[in-house]
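Architecture and fold: a report
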Amino acid sequence: MYDLIMGNKQGVEYSVPTSPVKITSLFINALFDINLNFSSRETFTFREGGTERLKDHVTHADLQLAFILFRCCNTYGYLELTNRKAIYRRLELEFEVPISEGQFYVAIEKFIAHQLIKTEKSADGETRYRLNYFMNDKKNTIGHYVLFHPFVFSKAFHELTLAEKKLIISAYTQTSGSSHKVITRNLKQKFGSFKHVQFSGLLLFLHKTQRSHVSSLLDNLKSIVLPVTHMTTTHLFECSELQKATIGYKAVLKFNPAFLIPVKKEDPTNYFKPIDACAMFTKFYAFLKREADAYGVGDVLADREIANRLVRSLRFSSKRLIRYALHELKSYVKTKGRFPRNPEFFIKDQITEKFNHLLSDVLTKTGAHEFVRFPETKEEDVKERYFTFSLAAAKSKLGIKKLKARLTEVVKDLSNRYPIKAWGRLDYGAPPESYPYQELASYINLDYVKEQAVSQKADPFYYADLEYNASIAIRTKDPKLVEEWIIGEVSRLPKSPGQRALPYNFRLEKYLFYDTIS
């Protein structure tokens, strides 16, 4: 009912109507409170050497940014894709006269400085924005909100003065969709105290010095005509005048009910339109769709939500791995006659499995295994080390080729930095004072076996399993046969020239991806 086809980009080029925008009164209060220290005239710059701008001053750009942030956030006040360019593209779509890109970036920095928005890391490691003054922390629900009519996106609204815009937004928020509400604002705060700037008195709030200035502004508001429906405009206010008050003067405002949108408690999550990953990463989405169609599994992207999640999670994966996963999905469909129950998980799992296979091959060719597993020796702990390294390698988004090149350099550097110390007899198996050593040594010449392992440079990690298996076999088999068996197995063990004096807290992934050893 309140959607409006406008002369903005989405209306002209795509015939998409502009919807009302939901914004919390908490945020409006905080937005106008930027002006609390206006008299200080403190400045900031967006970049070094850039133009100095007032930090504690609400501008036209700030108002547009506030509306577009609430358009792009999700129902919890998060902008999951912190891509400023994408947010500005949405702003260009919805406003008939969008602010410049430079003004937009300055406004973003100002919002961050005033903590209207914060930068956070999501669970998947992606950076995202969180809108402050969005949630009611006590109830964990959206704070009291107001539905602004789409006129705030119009050219007619853009051409108003900043003071006129501020008063309209402030009064509209206080009206909260009620067609019967009359807003009164004193020119000066009676007792000189106020909780929020917008209720500090109109002279201070609008940066006016004379009653006549406010009177002139209110007269102008009477004549304001804005779009209310498609091809229809009408006056925004039914009443806008200055009246004598008990002490001094007060402004009296009443909106035209045609512009007021009642807030429905049962409908608190509508009007939020988070940035669409498919629309944001158009080239990658086009690639994904083209490849999926080529493999005959294009239907997997038919669900826009699944397509968005796949675009977000796969856009850093190599095209080779993506094609492999789509090929496997095609094979699954051919065999089973249907898609997997969770095709999104299937694709990601295939990519992970193939990546780990390729990574293992790279570790072998670069000789990096000893650095990956260090300092663990138990099989289950070694597996955990490989899993942790694989996870870090995948998150690095380097790709197999770059990983191989960097591993080659790192292995060479580590080999020079930490030279090999030859293995000694004490590095193999259980120590002489332990019970397992003494038990096995009472049946076979265990010292000779260890000397053979030292001379053949067998890897002690694998040797430990031989002693364990021998201690079990000795209970049922001839000790001489067990001794011959273990000596023969020693010659078959993987070779390792010695041990590197790496710090115990060394982790290859930190050294490789962060250039530090914690």
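Before reading further, recall that the structure is shown in the block above.
Residues numbered from 1 in each chain as written. Predicted model: local features only at pLDDT ≥ 70, side-chain atom pairs only at ≥ 80, totals over all residues. Heavy atoms only, no water.

Topic: the packing of helix 11 (residues 282–294) against helix 13 (residues 319–336)
In the contact formed by helix 11 and helix 13, the axes pass within 10 Å of each other and the chain directions differ by 35 degrees. Considering the relative orientation of helix 11 and helix 13, their crossing is right-handed. Contacts from F284, F287, L288, E291 and A292 in helix 11 reach K319, I322, R323 and L326 in helix 13. (Axes fitted to C-alpha atoms, helices over the stretch in contact; angles between N-to-C directions. Helix = DSSP H or I, 4+ residues; strand = E, 2+ residues; numbered from the N terminus. Left-handed = near helix turned anticlockwise from the far one by under 90°. Contact = heavy atoms within 4.5 Å.)

Quick notes on the sheet that holds strand 5 (residues 117–121)
Strands sit in the order 4-6-5 across an open sheet of 3 strands; the sheet is antiparallel. The open sheet terminates on both sides in strands that have one partner only, identified here as strand 4 (78–79) and strand 5. The pairing of strand 5 with strand 6 (residues 127–131) spans 5 bridges and is antiparallel. Paired with K121 across the strands is T127, a residue of strand 6. (Pairing = 2+ DSSP bridges.)

Observations concerning the layout of surface pockets
Counted as a void, the largest pocket has a volume near 1,600 Å³. What lines the largest pocket is a set of 50 residues, among which R312, S313, L314, F316 and S317 lie closest to the centre. Elements with a minimum of two residues in the lining of the largest pocket: strand 4, helix 12 (304–314), helix 13, helix 14 (343–366), helix 16 (379–396) and helix 17 (400–417). Residue composition of the lining of the largest pocket, by class: 21 nonpolar, 11 polar and 18 charged. (1 Å grid on protein atoms, 1.4 Å probe; cavity = no way out; pocket = protein on both sides within 12 Å on 5 of 7 lines; lining within 4 Å. Points joined across faces, edges and corners; volume = space filled by probe spheres on them. Nonpolar A, V, L, I, M, F, W, Y, C, P; charged D, E, K, R; others polar.)

Here we look at empty space enclosed by the protein
All chains considered together, the criterion is met by 1 cavity of 30 Å³ or more. Of all the secondary structure elements, the ones that give two or more residues to the lining of the largest cavity are helix 3 (60–72) and helix 6 (155–158). With 4 residues, the top contributor of residues to the lining of the largest cavity is helix 3. Of the residues in the lining of the largest cavity, the class split is 5 nonpolar, 4 polar and 1 charged.

A short note on the packing of helix 3 against helix 7 (residues 162–175)
Contact geometry for helix 3 and helix 7: axes closest at 10 Å, N-to-C directions at 35 degrees. Every residue of helix 7 that contacts helix 3 at H60, L63 and F67 is listed here: L162, K165 and I169. Looking at the contact of helix 3 with helix 7, its residues break down into 4 nonpolar, 1 polar and 1 charged.

A word on the packing of aromatic side chains
Throughout the structure, instances matching the rule amount to 23 aromatic pairs. Taking 4.9 Å as the distance between ring centres and 70 degrees as the angle between the ring planes, the aromatic pair formed by F27 and F70 counts as edge-to-face. A residue pair is termed long-range when its members are at least 10 positions apart, and F27 in helix 2 (residues 25–32) and F70 in helix 3 qualify at 43 residues. The pair F27 / F70 is uniform in exposure class, with both members buried. Residues F151 and F259 carry aromatic rings whose centres are separated by 5.6 Å and whose planes lie at 85 degrees to one another, so their mutual orientation is edge-to-face. Here the residue F151 occupies a position in the loop between strand 9 (145–148) and helix 6, and F259 occupies one in the loop between strand 14 (249–255) and helix 10 (277–280), the gap between them amounting to 108 residues. F259 carries the same exposure label as F151, and that label is buried. Among the aromatic residues, ring-to-ring pairing joins F67, F95, F148, F151, F153, F157, Y172, F237, F255 and F259 into one connected group. (Phe/Tyr/Trp six-rings, centres within 6.5 Å; stacked < 30°, edge-to-face > 60°. Buried < 20%, exposed > 50% of the residue type's maximum accessible area, 1.4 Å probe, protein only.)

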